[in-house]
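Given next are the chains, with one letter for each unit.
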Amino acid sequence: MVLEFTEDGIYCPAGRFHIDPWRPVDRALVTHGHADHAYPGHRHYLSSAGAAPVIRHRLGDIDIEGMPYDETRDINGVRVSFHPAGHVPGSAQIRVEHGGEVWVVSGDYKTTADALSEPWAPVRCHAFITECTFGLPIFDWRNDAELSAEINGWWQTNCAEGRFSMLGAYSLGKAQRVMTMVDPSIGPILTHGAVENTNEVLRAQGIALPQTIRITPDLDLKAHVGALVVAPPGALAQPWARRFGQASQGIASGWMALRGVRRRRAADRGFVVSDHADWKGLNAAVKETGASRIFTTHGYTAAFRQWLEEEGYDAQIVETEYGDDLLEAEEAPA
Amino acid sequence: MRQFADLFTTLDQTTKTSRKTAALAGYFSTAPDDDKVWTIALLSGRRPKRTVTVTQLAEWAAEKAGLPMWLFRASYDVVGDLAETIHLVLPAPEQTRDRSLSDWIGDIRALAKAEEALKREAILDAWNSLAGAERFVFNKLITGGFRVGVSQKLMTRALGQATDIPEAELAHRLMGNWTPETTSFAALVTDPDPEADLSRPYPFCLAHGVEDEAAALGPAEDWRAEWKWDGIRGQLILRGGQHYLWSRGEELMTDRFPELARALDFLPLGTVIDGEVVAWDADARAPMSFAALQKRIGRKTVPKSLLTQAPAILYAYDLLEDGGEDIRAKPFSERRARLDALIAPLLADAPVLLSPDLPFDDWDALAKTRAGARAAQAEGVMLKRADSPYHAGRKKGDWWKWKLDPLTIDAVMIYAQAGHGRRANLYTDFTFAVWKGNDLVPFTKAYSGLTDAEFRKITHWVRRNTLARFGPVRQVPPEQVFEIGFEGIQKSTRHKSGVALRFPRMLRWRHDKPVQEIDTHAHLLNMLEEYG
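Thresholds applied
- Residues numbered from 1 in each chain as written.
- Chains lettered and ligands numbered in written order.
- Predicted model: local features only at pLDDT ≥ 70, side-chain atom pairs only at ≥ 80, totals over all residues.
- Core = buried A, V, L, I, M, F, W, Y, C linked by C-beta atoms within 7 Å.
- Buried ≥ 20, exposed ≤ 12 C-beta atoms within 10 Å, placed from the backbone.
- Contact = placed C-beta atoms within 7 Å.
- Pairing = 2+ DSSP bridges.
- Helix = DSSP H or I, 4+ residues; strand = E, 2+ residues; numbered from the N terminus.
- Nonpolar A, V, L, I, M, F, W, Y, C, P; charged D, E, K, R; others polar.
- Domains from an automatic or database assignment.
- Axes fitted to C-alpha atoms, helices over the stretch in contact; angles between N-to-C directions.
- Parallel < 35°, antiparallel > 145°, perpendicular 65-115°, else oblique.
- Left-handed = near helix turned anticlockwise from the far one by under 90°.

1. Looking at the nonpolar core
Okay, so step 1: Judged by nonpolar contacts, the single largest core of 204 residues is most densely connected at V178(A), V229(A), V230(A) and V352(B).
Okay, so step 2: Ignoring sequence-local partners within four residues, the contact set of V229(A) consists of F164(A), S165(A), M166(A), L167(A), L190(A) and F244(A).

Listed below in C-alpha cells is the structure:
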C-alpha cells in the first residue's frame with residue numbers, strides 16, 4: 001500500500017511521512033489549516049504555499065514549508081504534490097505516487113467554485129481517500145448567486161430596520177467566503193477578533209477581501225448601526241454578542257440544510273453555505289479521479305461507502321480523527 | 001398555498017415571539033376564511049385524514065430521486081422528519097401552480113378512495129408543481145406534525161389581535177371536537193353556537209415546577225395542597241345525557257376508559273371535573289403504580305381482563321362547571337368545596353373519587369408529607385393558591401408542582417448513537433451499564449439532560465474512541481460516568497437487567513468518578529425492591 005492507516009494518522013511507509021496526522025510525528029504533510037487537520041507538535045510541516053501562512057498563524061513557531069500547487073517533490077523516492085481542493089484558501093488534496101501507483105488524500109474539499117478559494121481540480125489516481133461530511137442525498141447545495149441574494153436580502157431588511165445582522169461563520173474560510181458573497185454597498189462589515197486575525201493573514205498573502213472593521217471594546221457601535229457582524233458561530237450565544245442588542249442572527253453552514261439543526265442553534269436564519277462538497281459533488285469527485293479503490297474518512301462514511309460499493313467501487317471506511325464539520329467544533333475565544 | 005408557505009417561512013425564520021405573533025395576526029387578517037380554519041387546525045395539532053401511507057410516500061420519493069430504499073431510510077434517520085427528507089431528496093419541480101391551502105388539502109382528501117396508481121400520480125404531480133417551502137408544507141399536510149415553534153397560546157393571541165375577541169374566550173372556542181372539514185371560520189371563531197358542541201372541554205390549567213423553596217411562595221395559609229398523581233390528566237364532561245373524557249393533549253379518551261360511563265349514574269348533568277385517571281386498587285383504596293395504568297395507554301379498546309387487572313377511576317381535584325354554570329372564575333377554595341360536596345357523598349365504588357386535600361400548617365410540615373409521596377404512589381405534591389381562578393393554560397404564579405427529587409444511580413456509558421432532527425450531527429443517545437461482578441450490564445438508555453456544549457464534547461470523544469460499529473450505534477470504552485436520574489423503577493422481563501426505568505435522563509457528567517466506583521446491579525435490584 002502506498003498509504004497506510006495508523007493510530008497517528010495516514011502514513012506513507014516508503015516516504016516515511018504522515019498526512020494530516022493527529023499525533024505528533026516527524027514529518028507531516030498538511031492539507032489545510034483547520035484544527036482537525038493541522039495539529040500542533042510535528043517536527044516538520046509541509047503544506048501548499050497558500051495554506052502555510054494560516055497554519056503558522058494558528059500553530060505558532062513551527063518548521064513549515066509551503067509548496068506551490070502542482071509542483072512535484074521527491075520524498076524518499078515517493079513523488080508528492082499538492083492540488084487545489086476548493087475548500088478554503090490554500091486547501092489542498094495531496095497526491096502521492098510510488099511504484100507506479102497513485103493515491104490521493106482529499107483533505108476537505110468542495111467541487112463548486114467560489115470567489116475565494118482556488119477551484120477544485122480533479123486528480124486522476126488509483127486510490128482516493130475522501131471525506132464525506134455531507135455524504136447523503138439530502139445535501140444539495142444551491143449556487144452562490146442564489147445564496148448571495150438570500151444573505152443580502154436579509155442584511156438589507158435588518159439594515160433598513162436599524163438592526164445588526166450577526167452572521168456566524170467559521171473564522172477560517174467560511175467567514176471570508178461570506179464576506180466575498182455579500183454586497184458591501186449595503187453597509188459596513190464588522191468582524192470578531194478571531195475572524196479579523198485570519199483576515200489579516202490572508203490579506204498579507206495577497207488575497208482580496210472587502211473592507212472590514214475589527215470589533216474592539218471601544219468601537220462605537222452607534223456609528224455602524226445596520227452593519228453585518230461576522231463572528232464564529234459559538235460567539236453568537238456568548239455575552240460578547242449582547243452589545244448588538246436586538247440583532248437578527250444567522251448561521252452559515254451546510255448543516256443549515258437541516259431544519260432541526262438550525263432550530264437547535266436557535267438562529268433566526270440559516271444560510272446553507274458549505275465549504276464541503278454536497279452529495280452530487282462527492283459523487284462527481286469520486287468519478288473524476290478514475291479511482292477504483294475509495295476510502296471514506298469522515299462524515300456519513302457508512303452510507304457513502306455502501307452507495308459507492310453498489311456503484312461498483314471497492315470502498316472501505318477508515319477511522320480518522322477528522323471532524324465532521326466545524327459548526328460544532330469552534331468555541332470562540334472569550 | 002404561497003401565502004401559507006410564506007407564513008410558514010416567516011414563522012420558521014425568526015426566534016422572536018413578537019415577530020411570530022405579528023406574522024400570524026397579519027395572516028389571519030388577510031387570508032381566505034377556509035384557509036384560516038385550516039391554519040388554526042394545523043397549528044393546534046389537527047391535520048387532514050391521512051390518505052396516503054408514509055410507506056407509499058417514502059417509496060415514491062426514493063424512486064423519483066433515484067435512490068435505493070436503504071439510502072432513503074439512512075437519510076430519513078438523519079433528518080428525523082419524513083416530509084423534510086422527501087423535500088430534500090426530490091429534484092426541483094418542472095412547473096409551479098398557485099392554489100390555495102384549502103384547495104391542496106381538498107386534493108389530498110379526495111385521494112381517500114383512489115386506487116394506488118392514481119394516488120401516486122397525484123402526489124408525483126404535486127411534487128413536480130410545488131417549489132421550495134410549498135413542497136415541504138405539502139408533505140407536512142400529508143404526514144402531519146406541524147412544528148413551527150408556534151404554541152397554541154401564541155396562535156390564539158394572534159387570532160385575538162386579528163378578530164378583537166379576548167384570548168381566553170378564543171382558547172375555549174378552539175377546544176374540543178371540531179374538524180376543519182365540518183366547521184367554518186364563523187362557526188368556530190367569530191360566531192359560535194355554545195350548544196353546538198356539548199363535548200367541548202375547557203382549556204386545562206397547567207402548573208410550573210417549584211423553582212427553589214416552596215416557602216418562597218409566601219404564607220402557607222394562602223395555599224392548598226394535594227398529591228401530584230402519576231396518571232393521565234383528564235377532564236370529565238357530563239352534558240346532554242352523555243359523558244366525555246378529554247386528555248390534556250385534547251384527545252377524546254372516552255372509549256378507552258369505559259368505567260367512567262357510570263359517572264352518569266352518580267353525578268348530575270352540567271358537571272365538568274378536572275382530575276387524574278389512575279388505575280385503582282379497590283381493596284387498598286389507593287392508586288396502583290403507573291405501570292398498571294401503562295398497560296391501558298394506547299389501547300383504543302380494552303379487553304375485559306385489563307378492566308379487572310387495572311380498573312380506572314378519575315381522581316377528582318377541581319370543578320370547572322357546576323349545574324351547567326362555568327365556575328372557573330371562582331376561587332379555588334370555593335370550587336374545591338363544591339367538588340367535595342358533589343363527590344364526598346358518593347359510594348366507594350363510584351368511578352369518580354375525591355383526590356384528598358392535604359392539610360398542612362406550615363411549609364416544613366408539607367415538606368414532610370411530600371417526602372412520603374412515593375409510598376402514596378404520587379410524584380410529589382401540587383400547590384394551588386386558595387383564591388386563584390382556573391386559568392387557561394400555563395400561567396405562572398397560582399399552580400405549582402413540587403415533585404420529589406428523582407432516584408439516581410451512577411452508571412457508565414457503553415454505546416452511543418447519533419441523534420436525528422435537531423441533533424443530527426451529535427452523539428446524544430447513550431446506553432448505560434452498571435457492574436455485575438466483573439461484567440457490565442446495560443440497564444437503560446438516556447438522551448437528555450446534558451447541555452449542547454456537553455453533547456459536543458462527548459460527540460468529539462465518541463468519534464475518537466469508537467471500538468466497534470453496529471449500524472448507527474458505536475461501542476465505546478466504558479470510561480465516561482454519568483449520574484442517571486429517573487422517576488420510577490419497574491420489573492421487566494424484556495431487559496437483560498430485569499428492570500425498566502421511568503423517565504431516565506442524565507443529571508450530571510461525573511468526570512470526578514472512576515468507572516470502578518459506579519453502582520452495581522445489586523443496587524438496582526434493591527431499588528426495585530424498595531420503589532418498584
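And the narrative resumes.
2. A short note on the pairing of strand 13 (residues 399–403) of chain B
Residue and element names in this part refer to chain B.
Okay, so step 1: Note that strand 2 (residues 208–209) and strand 13 share 2 bridges and pair parallel. Residue pairing for strand 13: H208 is matched across the bridge by W400.
Okay, so step 2: Summarising the sheet, strand 11 (residues 378–385) and strand 13 pair through 5 bridges and their orientation is antiparallel. Residue V381 lies in a different strand from strand 13, and its bridge partner there is W402.

3. With respect to the interface of chain B and chain A
Okay, so step 1: Counting residues at the interface gives 25 residues for chain B and 22 residues for chain A.
Okay, so step 2: Listing elements by their share of the side of chain B that touches chain A, those giving two or more residues are helix 5 (69–79), helix 6 (82–89) and helix 18 (452–464) of chain B.
Okay, so step 3: Per-element accounting of the side of chain B that touches chain A gives the leading share, 5 residues, to helix 5 of chain B.
Okay, so step 4: In terms of residue class, the side of chain B that touches chain A is built from 11 nonpolar, 9 polar and 5 charged.

4. Quick look at helix 6 of chain B
Okay, so step 1: Burial of helix 6 of chain B is extensive: 8 of the 8 residues sit out of reach of the surface.
Okay, so step 2: Among the residues of helix 6 of chain B, those classed as buried are L82(B), A83(B), E84(B), T85(B), I86(B), H87(B), L88(B) and V89(B).

5. Some details on the sheet that holds strand 1 (residues 4–5) of chain A
Residues and elements named next belong to chain A.
Okay, so step 1: Read from one edge to the other, the open sheet built from 6 strands follows the order 1-2-3-4-5-6, with strand pairing classed as mixed. Each of the sheet's edge strands pairs with one partner strand only, and the pair in question is strand 1 and strand 6 (64–67).
Okay, so step 2: Sheet analysis places strand 3 (residues 17–19) next to strand 4 (residues 27–29), joined by 2 bridges and oriented parallel. Paired with H18 across the bridge in strand 4 is A28.

6. Re the domain arrangement of chain A
How big an interface is tends to be stated in terms of accessible area lost as the parts join.
Okay, so step 1: Examined at the domain level, chain A breaks down into domain 1 (4–138 + 276–317) and domain 2 (144–271).
Okay, so step 2: With 15 residues of domain 1 of chain A at the interface, the matching set in domain 2 of chain A holds 14 residues.

7. Some details on the domain arrangement of chain B
Residue and element names in this part refer to chain B.
Okay, so step 1: According to the domain assignment, chain B consists of domain 1 (2–143), domain 2 (205–403) and domain 3 (407–531).
Okay, so step 2: One C-alpha centre belongs to domain 2, the other to domain 3; they are set 34 Å apart.
Okay, so step 3: Between domain 2 and domain 3, the residue contacts involve 4 residues of the former and 5 residues of the latter.
Okay, so step 4: Taken together, the residues of the side of domain 2 that touches domain 3 break down into 2 nonpolar, no polar and 2 charged.

8. Concerning the packing of helix 4 (residues 54–65) of chain B against helix 6 of chain B
All names here are of chain B.
Okay, so step 1: Axis separation between helix 4 and helix 6 bottoms out at 9 Å; the angle between their running directions is 15 degrees. As judged from the angle between their axes, helix 4 and helix 6 are roughly parallel. Helix-helix and strand crossings are classified by hand; for helix 4 and helix 6 the assignment is left-handed. Together, V54, L57, A58, A61 and A65 of helix 4 and L82, I86 and V89 of helix 6 make up the contact between the two elements.
Okay, so step 2: Across the contact of helix 4 with helix 6, the residue classes tally to 8 nonpolar, no polar and no charged.

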